[in-house]
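Read off the chains here:
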Amino acid sequence: MTANNYGLACGKTSCKLSFICMIHTTQAIVLKKIPAGEADAVVVLYTSDFGKIRAYAQGVKKESAKLKGHVEPLSLSAIQFVIGAAGERLTYAQLLQSWPRTRDEFNRLSAAVYMMELVDRHCLVGQPDMSIWELLVTNLAMLNHESTRDISHMTNEFEKDFLHALGYGNAKDMSVLGEPVQTYVH
């Protein structure tokens, strides 16, 4: 940490901001990647420490981008980001798990996308919830496991556990969330 012209601590050697610059480090599952311009993207992440965040990934679509391949949907990555005036900006990512079997089989991929969509649609930005984090990571890992046979049953269990984590413990189905969510099709 160095002191800048404003007398504030900053993680960089030159900081022209009038507030404390902090680099946040955590693990994240990439829920979605939205194009933003020619070379940039906004990545929607569910993190272990910060809940859902939307981070700007500058230059991620360039061939030489350091983030390229580390922030693809259905990836578990170690990330670093800063919070600036325009929101979160991704500064680093390292792929930890890509769940290749899930990506290769349509039924597994369909279930994974459904689970990630539920988390994206029904979790608020900046509201961390360790039970949702563990539920999502565990189920994505189980989908990738070779012994997984009943993906439909696993998806139903995910729905039940997700509703419980959101506080709808005795709900019978996903309709309690208001707008209809396209159900998993196998």
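Figured I'd write up the structure that's included with this text. Residue positions are given per chain, counted from 1 along the sequence in the order it is written. Given that this is a predicted model, residues contribute local features only at a pLDDT of at least 70 and side-chain atom pairs are listed and counted only at 80 or more, while totals for whole chains, interfaces and linings are drawn from all residues. With hydrogens and water stripped out, all remaining heavy atoms of the structure feed into the side-chain values.

### Points about the pairing of strand S6 (residues 76-84)
We treat two strands as partners when DSSP finds at least two bridges between them. Note on conventions: DSSP H or I runs of at least 4 residues are helices, E runs of at least 2 residues are strands, and numbering of each starts at the N terminus. Here strand S3 (residues 23-36) pairs with S6 via seven bridges, running antiparallel. Its bridge partner being in S6, threonine 26 is matched across the sheet by isoleucine 79. Linkage of S6 to strand S7 (residues 87-97), two consecutive antiparallel strands, is achieved through a turn of two residues.

### Quick look at the pairing of strand S4 (residues 40-47)
For a regular strand, side-chain orientation follows a simple rule: the groups alternate between the two sheet faces. Exposure categories follow from relative accessible area, calculated using a 1.4 Å probe and restricted to protein chains: below 20% of the type maximum is buried, above 50% is exposed, and the middle band is partly exposed. Along S4, seven of the eight residues are buried, which leaves the element largely enclosed by surrounding structure. Here eight bridges tie S3 to S4, and the two strands are oriented antiparallel to one another. When the sheet's bridge partners are listed, alanine 28 is paired in S4 with threonine 47. What sits between S3 and S4 in their antiparallel hairpin is a turn of three residues, with glycine 37 showing a positive phi close to 85°. Examined bridge by bridge, S4 and strand S5 (residues 51-57) share seven bridges and lie antiparallel to one another. Bridged to valine 43 within S5 is alanine 55. Once S4 ends, the chain turns through three residues before running back antiparallel as S5.

### Here's the deal with helix H3 (residues 130-144)
Residues spaced three or four apart along an α-helix point in a common direction, a consequence of the helix completing one turn every 3.6 residues. For H3, built from 15 residues, the straight-helix expectation of 21 Å at 1.5 Å per residue is met to within 8% by its first-to-last C-alpha distance of 21 Å. Ile132, Trp133, Leu135, Leu136, Asn139, Leu140, Leu143 and Asn144 are the residues of H3 that are buried. Down the axis of H3, the smallest arc covering the buried residues is 165°, so these residues share one side. Among the structural elements, S3, S4, S6, helix H1 (100-104), helix H2 (106-122) and helix H4 (151-166) are those in contact with the buried residues of H3. Helix span is expected to be 1.5 Å times the residue number reduced by one. For this quantity, the arc is that covered by the directions from the helix axis to the C-beta atoms. Pairs of residues are marked as contacts when any of their non-hydrogen atoms sit within 4.5 Å.

### Some points on the packing of aromatic side chains
Centres within 6.5 Å are what make two rings of Phe, Tyr or Trp a pair, Trp counting through its six-membered ring; a difference in plane orientation under 30 degrees is then read as stacked, over 60 as edge-to-face, and the rest as tilted. Going through the model one piece at a time under the given rule, you end up with two aromatic pairs. Ring geometry for phenylalanine 50 against phenylalanine 81: centres 5.2 Å apart, planes inclined by 80°, an arrangement best described as edge-to-face. Of this pair, phenylalanine 50 sits in the loop between S4 and S5 while phenylalanine 81 sits in strand S6, and the two are 31 residues apart along the sequence. Using a relative accessible area of 26% as the deciding quantity, one classes phenylalanine 50 as partly exposed.

### Some points on the environment of methionine 154
Note that methionine 154 resides in helix H4. You can call methionine 154 buried: its relative accessible area is 7%. For methionine 154 and methionine 142, which are twelve residues apart along the polypeptide, the C-alpha to C-alpha distance reads 8.7 Å.

### Details of the packing of H3 against H4
The axes are straight lines fitted to the C-alpha atoms, using for helices just the contacting stretch, and the angles between their N-to-C directions are given from 0 to 180°. Where H3 contacts H4, the two axes come as close as 10 Å, and the packing angle between them is 175°. Considering the angle they form, H3 stands roughly antiparallel to H4. Of H4, the residues touching H3 (which contributes Ser131, Ile132, Leu135, Leu136, Asn139, Met142 and Leu143) are Ile151, Met154, Phe158, Asp161, Phe162, Ala165 and Leu166. Charged means Asp, Glu, Lys or Arg here, nonpolar means Ala, Val, Leu, Ile, Met, Phe, Trp, Tyr, Cys or Pro, and polar covers whatever is left, Gly included. Here the contact of H3 with H4 is composed, by residue class, of eleven nonpolar, two polar and one charged. An angle below 35 degrees is treated as roughly parallel, one above 145 as roughly antiparallel, one from 65 to 115 as roughly perpendicular, and anything else as oblique.

### A closer look at the sheet that holds S3
Pairing in this closed barrel of five strands is mixed, and the strands run S3-S4-S5-S7-S6 around the ring. Strand-to-strand twist of the sheet, defined as the mean angle between neighbouring strand axes without regard to direction, takes the value 50°. Of the strands in this sheet, S3, S4 and S5 are in contact with H2, which crosses S3 at around 100°. Of the strands in this sheet, S3, S4 and S6 touch H3, which is tilted by about 65° from S3.

### Description of the pattern of salt bridges
We count a salt bridge whenever a side-chain nitrogen from Lys or Arg sits within 4 Å of a carboxyl oxygen from Asp or Glu. Evaluated as defined, the whole model comprises seven salt bridges. A salt bridge links glutamate 72 to lysine 33; its shortest N-O distance comes to 2.6 Å. Of this pair, glutamate 72 sits in the loop between S5 and S6 while lysine 33 is found in strand S3, placing the two residues 39 residues apart along the sequence. With relative accessibility at 24%, the residue lysine 33 sits in the partly exposed group. We note a salt bridge from glutamate 157 to lysine 160, for which the minimum N-O separation is 3.3 Å. One end of the pair is glutamate 157 and the other is lysine 160, both in helix H4 and three residues apart, which spans about a single turn.

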